[in-house]
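Spelled out, the chains give:
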Amino acid sequence: MESQNRLFSRMAEAIVIGNKKAAETLAGQALAEKLDLHEVIEKGYIPGIQKVGELWEKGEYFLPELITSAECMKAAMAVLKPAMESSHMERFSRGKIVIGTIEGDIHDIGKNLVASMLAANGFDVMDLGADVKLERFIDKAQEVRADFICLSALLTTTMLNQRRLIEMLGGRGLRERFKVLVGGAPVSRKWAADIGADGYGENALAAVRLAKELGPKGGRP
Amino acid sequence: MIRTRRPKVELISRSFIEKIIGEAFTILGRPGVFVENAEARRLFREAGEAVDEASQRVIIRKKLVADSLASAPQTIELYDRSGEKKYIVGHDHVHFDPGSAAVKILDHSTGQGRKPETADLIRLARLTESCEHIHFQSTALVSGDVPEIIADSYRLYVGLQFSSKPVVTGTFRTQGFRPMFEMLAAVRGGTDELRRKPLAIFDACPSPPLKWSNLTAQSLIDCARAGIPSELISMGLTGATSPVTIAGTLVQHVAENLAGLVIGQLAQKGAPVIFGGSPASFDMRKGTTPMGAIETMMIDMAYAQIGKYLHLPTHAYMGLSDAKVNDSQAGLESGMGATLAALAGINVVSGAGMMDFESAQSLEKLLIDNEICGMAYRLIEGIAQRDEPLASQLFEGLGPETQFLTMPHTRKWYKLEHTFPRLADRDTYDAWVSLGKKSMADRAHERLDQILEGTAPNVADGALQKELSRIMLDDARRNGIHALPEISIA
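Residues numbered from 1 in each chain as written. Chains lettered and ligands numbered in written order. Predicted model: local features only at pLDDT ≥ 70, side-chain atom pairs only at ≥ 80, totals over all residues.

**Student:** Can you tell me about the overall build of chain A, naming the residues and giving the values?
**Tutor:** The helix and strand inventory of chain A stands at 10 helices and five strands. Rg of the C-alpha trace for chain A: 18 Å, near the compact-globule value of 17 Å for 221 residues, within the 12% margin. The buried share of chain A, taken over its 221 residues, is 49%. Residue pairs at least 24 apart in sequence account for 75% of intrachain contacts in chain A once pairs closer than 6 positions are excluded. (Helix = DSSP H or I, 4+ residues; strand = E, 2+ residues; numbered from the N terminus. Rg over C-alpha atoms; globule rule 2.2 N^0.38 Å. Buried ≥ 20, exposed ≤ 12 C-beta atoms within 10 Å, placed from the backbone. Contact = placed C-beta atoms within 7 Å.)

Structure follows, in structure tokens:
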């Protein structure tokens, strides 16, 4: 037990300092030792990413630390996932998200930040990349039975496509099926409200908070 | 008489410039750049460069860049709508213009941003026309009352009707070039006349890192062939889409711009190209792109210095702010930016009126920034020797009653040596109180009303207006739009 706890704290530490190699190696060790993978995630990795969130909130961590840690989290999960039964994964998942930078816009740095943080916080994230056609968002969301469609736009000109997507959903009778979250430099809370989006996140952590709040598992911490 | 020195600031040494350019060449040689546009790739292939069609990657050898630098003009001439007034873009001449494509306008009465409409675009063009220190207009607002698909051509359509100044603009779609080109040619009375007397600059932005998208490469090619100057707008974000160090971002910036320069020259040898950009010091806390950051301005000044070293006209987004209202931050960032841009001798300086990371335009700020630009111009005029001797003769007969107010020397020079702002507050405290304790933004708003109500618009003549309307309507119809907002100055 003692050694297991030490392993968990090393996992958390690997996430906090952003050591991808260690995060992966420790995940491999958990597999080799046939540990309960749920416990590994809940007691090892999750406390790590939570600590990272705290350090961010305190102003000690900036984006490079935040995103490096999120990437480490993703890498560790990639090692553990194949060994977990899908029903277990479902239980762990906070919800399915289809995310991308909208048609006409090739800027995806902000979207990448949000996708990383969502994945690190237990969401199943399907990142469609940049310059994503509106139909593709909808097709993919239907295909994977997504809970959320997240739309990013950096250009003031392409942000208008966010409204079009919501209108398209309405036109196909799918508006209630998905929660639509919008973000991006020119986007504002008011814009989100104007176009009838379900929410707006001003940064990656706000997006995580929002998705947790609106997601199928509601307010689970 | 001593020659007046034009004050100038250079941030980096010659050897540093050469090192940055050297590394940019290294990148262009390996890994090369992504070019999404098939025609541009064909041009590279025909020039003997290695092109990988599958990955769309193009290797650009130093020799081709050197040839392109040799064939690109060192200065560009722009002419106003009448074709009479000429502006030289090059050397250390500085021309300010309002920034680009804002989707919000700051409403002074509510203090809130709102969606711009046709009437706002008309006001913007008319106010720009009135600003003596803002030489060029730009299509700085995206009109919310027309469908997005024609938003690019519509901005130009309004601007050309209500301001005579040369215009900084650009396309949002590859099909946008044709109607915009037709409008510009209509002003000149033909495409050859337009080539001889360019009226507009088109911005083309590569996608960091190291990619020229289909739209932007097409714009470079179309402009090169039409003789329309292209402005290369590299926009790395330090530590996000470009290296985090300022020098590292400059390497990428130079590589992206040189690739754009080559595309233009391959499309048409001698095509006018401006070495520009809109990079930013990426904020690692907020994930935003502050245009008012001092590091952003340092990057701008340094790449402009490199552009000058390469004998190209230069451009930057400076003299703008990230503030959301016309507060101290708006003035401080815009004032610093415009001043530094002028000191750096940047030829086209875009940003007047802009705020909120290039997403909003304030007409009040435009008028305030006009005054800032005036101060910057005065600064770079430098200190002149007006007399020989300078002043010692004025002290002959020095006594307790000596004063300078009534000297002929004063009367002769005061208006040349000193400027008189219209909006900055130089009143005594009591006078300021009696005038209603107004802020600079309040005074700018009043001034705005005076200009719009008290001066006649400089509108295009009737025949030209008709032709512009025809081109705009054709473009709209091609896109399934059959009605446009009414154009009126009421």
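**Student:** Break down the overall build of chain B for me, citing the residues and quoting the values.
**Tutor:** Of regular secondary structure, chain B possesses 16 helices and 18 strands. On the principal axes, the C-alpha backbone points of chain B span a range of 85 × 60 × 50 Å. The proportion of buried residues among the 490 residues of chain B is 50%. Considering only contacts within chain B whose residues lie at least 6 apart along the sequence, 76% involve residues at least 24 apart.

**Student:** Outline the domain arrangement of chain A, listing residues and values.
**Tutor:** Residues and elements named next belong to chain A. Split by domain assignment, chain A resolves into domain 1 (2–91) and domain 2 (93–214). The centre of domain 1, based on its C-alpha atoms, is set 26 Å off from the matching centre of domain 2. Counting from both sides, the interface comprises 11 residues of domain 1 and, opposite them, eight residues of domain 2. Going through the elements one at a time, α3 (37–57), α4 (63–80) and α5 (86–92) are the ones with two or more residues in the side of domain 1 that touches domain 2. Broken down by class, the residue content of the side of domain 1 that touches domain 2 amounts to seven nonpolar, one polar and three charged. (Domains from an automatic or database assignment. Nonpolar A, V, L, I, M, F, W, Y, C, P; charged D, E, K, R; others polar.)

**Student:** Describe the interface of chain A and chain B, naming the residues involved and giving the relevant values.
**Tutor:** In this assembly, 14 residues from chain A lie in contact with 21 residues from chain B. Mapped by element, the contributors of at least two residues to the side of chain A that touches chain B are α4 and α6 (109–120) of chain A. Ranked by the residues each element gives to the side of chain A that touches chain B, the list is headed by α6(A), at three residues. Among the residues making up the side of chain A that touches chain B, the classes are represented as 10 nonpolar, four polar and no charged.

**Student:** Account for the pairing of strand β1 (residues 96–101) of chain A, naming residues and giving values.
**Tutor:** Where a strand is regular, its side chains alternate between the two sheet faces. Residues and elements named next belong to chain A. Counting buried residues in β1 gives five out of six residues, a clear majority hidden from the surface. Pairing of β1 with strand β2 (residues 124–127), which is carried by four bridges, proceeds in the parallel orientation. Each bridged residue has a counterpart across the sheet, and for Ile99 the counterpart in β2 is Asp127. (Pairing = 2+ DSSP bridges.)

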